[in-house]
Amino acid sequence: MVTKMLMARQWTGGHSGTVLCVGAAGGPDGLLASGGEGGEVTIWSQEGGRLSTVRLQGQDDVTCLVFSSASPGALYASHGGTVSTLDPRDLKAPVCELRVGEDEINALSLNDTGALLAAADDSGSVCVVDLAEHQISRTLRRHTNICSSLAFRPNRPDSLVSAGLDMQVMLWNVNKARPLWTVNLQDTEEDRALSHTSGQLLNPPLAHCISVASCGNVVACAAEDGRVHLLRVGAGSRPESMGALRAHSLAVSQAHFLNFLSHPYWLATGGNDARVSLWDLGEAVGGTASTQAPRRKRRGRRGAGAGAKAQADTPDEKAGGSTERASASSPGPSLSFDHGDKVNWLCPAALKGEPCLLVADQSSTITVYSLSGPRADQANGVTL
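Residues numbered from 1 in each chain as written. Predicted model: local features only at pLDDT ≥ 70, side-chain atom pairs only at ≥ 80, totals over all residues. Heavy atoms only, no water.

(A) View of the overall build of the protein. Counting its secondary structure elements, the protein contains 3 helices and 31 strands. A total of 384 residues make up the protein; the buried ones form 59% of that total. A total accessible area of about 15,200 Å² is found for the protein, and carbon and sulfur atoms account for 46% of it. (Helix = DSSP H or I, 4+ residues; strand = E, 2+ residues; numbered from the N terminus. Buried < 20%, exposed > 50% of the residue type's maximum accessible area, 1.4 Å probe, protein only. Areas by Shrake-Rupley, 256 points an atom, 1.4 Å probe, with all protein chains shown as cover.)

(B) Summary view of the sheet that holds strand 3 (residues 32-36). As summarised here, the arrangement of the 4 strands in space is 2-3-4-5, forming an open sheet in which the pairing is antiparallel. The strands lining the two open edges of the sheet, one partner per strand, are strand 2 (19-24) and strand 5 (50-55). Sheet twist, expressed as the average angle between the axes of neighbouring strands with direction ignored, equals 20 degrees. Inspection of the sheet shows strand 3 paired to strand 4 (residues 40-44) by 4 bridges, in the antiparallel sense. In the strand pairing of strand 4, Gly35 is matched with Val41. (Pairing = 2+ DSSP bridges. Axes fitted to C-alpha atoms, helices over the stretch in contact; angles between N-to-C directions.)

(C) Structural view of the environment of Ser148. Position of Ser148 among the secondary structure elements: in strand 14 (residues 147-152). Taking C-alpha positions, Ser148 is 9.8 Å from Leu108, a pair spaced 40 residues apart along the chain. Here the side chain of Ser148 touches Ala207 through a polar contact of 2.5 Å, landing on its backbone oxygen. (Polar contact = N/O pair within 3.5 Å; in protein donor to acceptor, adjacent residues only side chain to side chain.)

(D) Structural view of the confidence of the model for the protein. Looking at the protein, the pLDDT average stands at 85 and 80% of residues meet or exceed 70. Note on residues 196-200: pLDDT is under 50 here. Beyond four places in sequence and across chains, it has 1 contact. Long-range and interchain partners of residues 374-384, a stretch whose pLDDT sits below 50, account for 19 contacts in this model, where long-range means more than four residues apart. (pLDDT = per-residue confidence, 0-100. Contact = heavy atoms within 4.5 Å.)

(E) View of the nonpolar core. Ranked by internal contacts, the top residues of the largest apolar core, which has 41 residues, are Leu108 and Leu358. Here this core takes 5 residues from strand 6 (residues 62-67), the largest share from any one element. For Leu108, the residues in contact, after removing those within four places along its chain, are Cys64, Val66, Tyr76, Ala77, Ser78, Val83, Leu117, Ala118, Ala119 and Leu150. Counting residues in each nonpolar core, the second largest holds 20 residues, with Cys215, Ala220, Leu245 and Ala284 among its members. (Core = buried A, V, L, I, M, F, W, Y, C linked by side-chain atoms within 4.5 Å.)

(F) Local environment of the pattern of salt bridges. All told, the structure shown has 8 salt bridges when counted by the stated rule. Notably, a salt bridge pairs Lys352 with Glu47, separated by 3.6 Å at the nearest N-O pair. On the basis of relative accessibility, which here comes to 53%, the residue Glu47 falls in the exposed class. Ionic pairing is found between Asp87 and Arg89, a salt bridge with its closest N-O pair at 3.1 Å. One continuous salt-bridge network, built from bridges that share partners, spans Asp29, Glu47 and Lys352. (Salt bridge = Lys/Arg side-chain N within 4 Å of Asp/Glu carboxyl O.)

(G) Broad picture of unusual backbone geometry. One non-glycine residue, His134, lies in the positive phi region at around 55 degrees. Relative to the assigned elements, His134 resides in the loop between strand 12 (125-130) and strand 13 (135-141). Residue class for His134 comes out partly exposed when judged on its relative accessible area of 33%. The backbone of Met167 shows a phi angle near 70 degrees, a positive value even though the residue is not glycine. Tracing the backbone through its elements, the reader meets Met167 in the loop between strand 15 (159-164) and strand 16 (168-173).

(H) Looking closely at the pairing of strand 8 (residues 82-86). Among the 5 residues that make up strand 8, 5 are buried, leaving the element largely enclosed by the rest of the structure. Joining the antiparallel neighbours strand 7 (residues 75-79) and strand 8 is a turn of 2 residues, in which Gly80 adopts a positive phi near 60 degrees. Pairing of strand 8 with strand 9 (residues 96-99) involves 4 bridges; the strand directions are antiparallel. When the bridges of strand 9 are listed, Thr85 appears paired with Cys96.

(I) A look at the pairing of strand 23 (residues 266-271). Where burial is concerned, most of strand 23 is hidden: 6 out of the 6 residues are buried. Side chains Trp266, Ala268 and Gly270 of strand 23 all project onto a buried face; the interleaved residues Leu267, Thr269 and Gly271 project onto the opposite face, where all are buried too. As judged from the 6 bridges shared by strand 22 (residues 252-258) and strand 23, these two strands associate in the antiparallel manner. Residue pairing for strand 23: His256 is matched across the bridge by Ala268. Note: strand 23 against strand 24 (residues 275-280), 5 bridges, orientation antiparallel. Along strand 24, the bridge assignment pairs Ala268 with Leu278. Linking strand 23 to strand 24, which pair antiparallel, is a turn of 3 residues; within it Ala274 sits at a positive phi near 75 degrees.

(J) Representation of the sheet that holds strand 17 (residues 181-184) within the structure. Ordered in space as 14-15-16-17, the 4 strands form an open sheet in which the pairing is antiparallel. Of all the strands in the sheet, just strand 14 and strand 17 have a single pairing partner and so form its edges. Mean inter-strand twist for the sheet, computed between neighbouring axes without regard to direction, equals 15 degrees. As paired strands, strand 15 and strand 16 are joined by 5 bridges and run antiparallel to one another. What sits directly across from Ser159, in strand 16, is Asn173.

As structure tokens, this is what we get:
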């Protein structure tokens, strides 16, 4: 592990309460947005200047923000069970609002084409919205507890993964009512071994945040047990367990792949232990995953539901439902530091070409850490 003091700066004046989520539009001049308690949404320049703030009707906490890459004038914000479409270039009242979630929405994801928006909510449902029709096209119900996070797979506009406090990770084709497969994070080889270790007491792996690498096949899932569980969508769409990173001493609230460093398998994590870490998974997963052809609940309010072993729902998918063990090591973090407060959200962003991590915590400010620094730490083998 490499522990360093990184260059940090704070963005202030954008919120009156705790910042809960941060989103980045991408590109050299892309805007950034933050959402907070009481329905506040703030737009920022890449230099950290506050451009505008709006308070959404109802004043429900803003739990997720997603910019559309297909439409620069569209920013989607979840608050309560509603998704509001905002114009970040002229932030005023929402352009439109759509009641999406059956309960409070925890996470949003847009597919690559910008045509579908998926929302995960407290009821355990995944609602898929057809943005052209401005209506829910399908509701996917298989999680038995809060669905806390989800992500469309890059280059696969109909494929997404979801995760929840039932400890399940599911792969979906959004045109089908049932998941292609389900993996129980408590049922991995490592978890079974740890459960029999004398004197070892572990929190259950309630899933808090899920991220998919740009190859579309490598999945990282941040969990309550302090680990980041790694999965791969293998040949025939079979799920393969790649082990877990023993990342934090308390629950891991955030895990996000970065797509602007030396390769697409850098992973940033943040946890309730106030640590932020950067992991180089290139050697562990990059060589095999890259060859595949493209085909806020940070708190456990409810008890975890019992889950079955990884399984498929149809005879044709049954062969792909068993979890296979993939060869991958569990390296320590290349970079790790104490942020000083429990992490609510991590947002990787290239600000004016500078690789950065934006961190939201229990305060009303956003801390920006520069990852540029020295390009390599030869003594520790760290190359950013």
